[in-house]
Amino acid sequence: MAPSQLTLSPGFYVPTVAFFTPDDTVDETTTSQHAVRLAKAGVTGIVTHGSNGEAVHLDHEERSLITRLTRTALDDAGYTSMPVIVGCGAQSTRETIQLCREAAEAGGSHVLILPPAYYGGLLTTDLIKAHFRAVADASPIPVLIYNFPAACSGLDLSSDVIIDLAKHPNIQGVKLTCGNTGKLARVVAGTSGTNFRTFGGSADFTVQALAVGGHGIIGGLGNVAPAACMEVLKLWQAGKLDDARELQMVVARGDWTAIQGGFVSVKVALEKYFGYGGHPRKPCAFPEGNALAAQENGFAELVETERSLTK
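Described below are features of the structure shown in this document. (Residues numbered from 1 in each chain as written. Predicted model: local features only at pLDDT ≥ 70, side-chain atom pairs only at ≥ 80, totals over all residues. Heavy atoms only, no water.)

1. Side note on the layout of surface pockets
Here's step 1: In this structure, the largest pocket spans a volume of roughly 1000 Å³.
Here's step 2: Around the largest pocket sit 47 residues that line it, and G50, S51, Y146, F148 and A151 are the ones nearest its centre.
Here's step 3: Looking at the lining of the largest pocket, the elements with two or more residues in it are α2 (60-76), α3 (93-105) and α9 (241-274).
Here's step 4: Tallying contributions element by element places α9 first for the lining of the largest pocket, with 6 residues. (1 Å grid on protein atoms, 1.4 Å probe; cavity = no way out; pocket = protein on both sides within 12 Å on 5 of 7 lines; lining within 4 Å. Points joined across faces, edges and corners; volume = space filled by probe spheres on them. Helix = DSSP H or I, 4+ residues; strand = E, 2+ residues; numbered from the N terminus.)

Structure, rendered in structure tokens:
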């Protein structure tokens with residue numbers, strides 16, 4: 001099945017971090033190996049160039065390279081049907097469409113689009129909706145809306161806007177990193193009976209999202225603990241609600257460290273507990289001293305749980 005024909009299944013999707021060599025080029029080997037590690041842990045799909053993926057630190061060629069490496073690594077390991085969603089948000093409609101086309105050429109199955117927000121004060125709701133529809137019209141692969149106010153100067157798409165955009169045949173889902181589970185419930189209800197997928201944007205509210213009919217999570221914590229993140233979903237789906245809630249608490253505590261430290265803390269955890277990850281691109285950097293130790297310790301309980309699930 002060609003990537004563009006894939007339908008997103010409910011589950012847990014991991015926005016991967018970007019890996020760089022000491023001379024600041026894309027670390028091709030680690031990029032490929034990390035994708036396969038996640039696939040073997042049982043995740044539902046992978047996202048390149050999400051907020052964890054340092055997309056704003058990458059040029060177009062590097063973005064295409066990382067997506068191509070991810071797709072090829074998954075295919076070579078036998079995960080030919082695993083979706084690879086590609087973050088393609090940009091400030092102009094023109095560049096967003098260009099990124100979507102490049103994502104498809106690199107092997108992406110879907111694209112994930114942040115709303116343009118740099119000139120947010122000049123953009124009416126109608127202009128933002130027109131942007132998404134123009135991108136969806138031109139994109140060769142299906143579009144997911146990405147609602148993340150913290151990354152968009154506070155721009156927060158309402159449930160009414162998302163439900164309206166969901167009517168477009170090439171807009172097939174949304175990632176809600178706003179954390180608003182009421183909005184998530186409204187979008188689920190407003191798109192009931194369709195193939196539109198509504199995902200929470202953080203592992204710390206997996207149970208909450210599932211309880212109102214959400215289709216899963218797209219969450220960066222899965223880079224560190226893919227098995228634990230998946231296990232919350234499995235327990236819930238199996239009707240083991242108390243167990244799901246107990247594990248959700250562990251996941252939420254670990255995710256709080258990731259939320260506070262962003263993608264940098266995810267790389268800190270990979271380096272500390274798994275021996276790879278590397279540093280972020282400048283101007284971002286690892287914390288030092290007590291701050292570094294606090295981030296490492298913040299993941300300790302979660303990593304212990306992860307290892308118990310993967311023995």
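2. Side note on helix α6 (residues 181-190)
Here's step 1: Listing the buried residues of α6 in full gives K183, L184, V187 and V188. On an axial view of α6, the arc spanned by its buried residues comes to 135 degrees, and they lie on one face.
Here's step 2: Buried positions along α6 lie against β5 (143-147), α5 (159-165), β6 (171-176), β7 (197-200) and α7 (206-211).
Here's step 3: Two or three places before G182, at the start of α6, stands the capping residue N180, its side-chain oxygen 3.0 Å from that residue's backbone nitrogen. (Buried < 20%, exposed > 50% of the residue type's maximum accessible area, 1.4 Å probe, protein only. Arc of directions from axis to C-beta. Contact = heavy atoms within 4.5 Å. Polar contact = N/O pair within 3.5 Å; in protein donor to acceptor, adjacent residues only side chain to side chain.)

3. Focus on helix α1 (residues 28-40)
Here's step 1: Compared with an ideal rise of 1.5 Å per residue, which puts 13 residues at 18 Å, α1 spans 19 Å between its outermost C-alpha atoms and is within 8% of the ideal.
Here's step 2: Buried residues of α1: T30, T31, S32, H34, A35, V36, L38 and A39, and no others.
Here's step 3: Buried residues in α1 make contact with β1 (11-15), β2 (45-48), α2, α8 (226-237) and α9.
Here's step 4: Residue D27 occupies the N-cap position of α1, its side-chain oxygen lying 3.4 Å from the main-chain nitrogen of T29.
Here's step 5: In the segment just after α1, G42 is the residue with positive phi, at about 100 degrees. (Expected span 1.5 Å × (residues − 1).)

4. Details of unusual backbone geometry
Here's step 1: Cis geometry marks the peptide bond from K282 to P283; its omega dihedral reads 15 degrees.
Here's step 2: Counting through the fold element by element, P283 comes out in the loop between α9 and α10 (289-298).
Here's step 3: The backbone of H49 shows a phi angle near 65 degrees, a positive value even though the residue is not glycine.
Here's step 4: Within the secondary structure layout, H49 lies in the loop between β2 and α2.
Here's step 5: The exposure class assigned to H49 is buried, which follows from its relative accessible area of 7%.
Here's step 6: Phi is positive for E54, close to 55 degrees, though the residue is something other than glycine.
Here's step 7: Positionally, E54 belongs in the loop between β2 and α2.

5. Overview of the side chain of T31
Here's step 1: Along the chain, T31 falls in helix α1.
Here's step 2: Classification of T31 by relative accessible area gives buried; the value is 7%.
Here's step 3: There is a polar contact of 2.7 Å between the side chain of T31 and the backbone oxygen of D27.
Here's step 4: For T31, the residues in contact, after removing those within four places along its chain, are F19, V26, I66, L69 and T70.

Take it as geometry only, folks, not as evidence of what the structure does.
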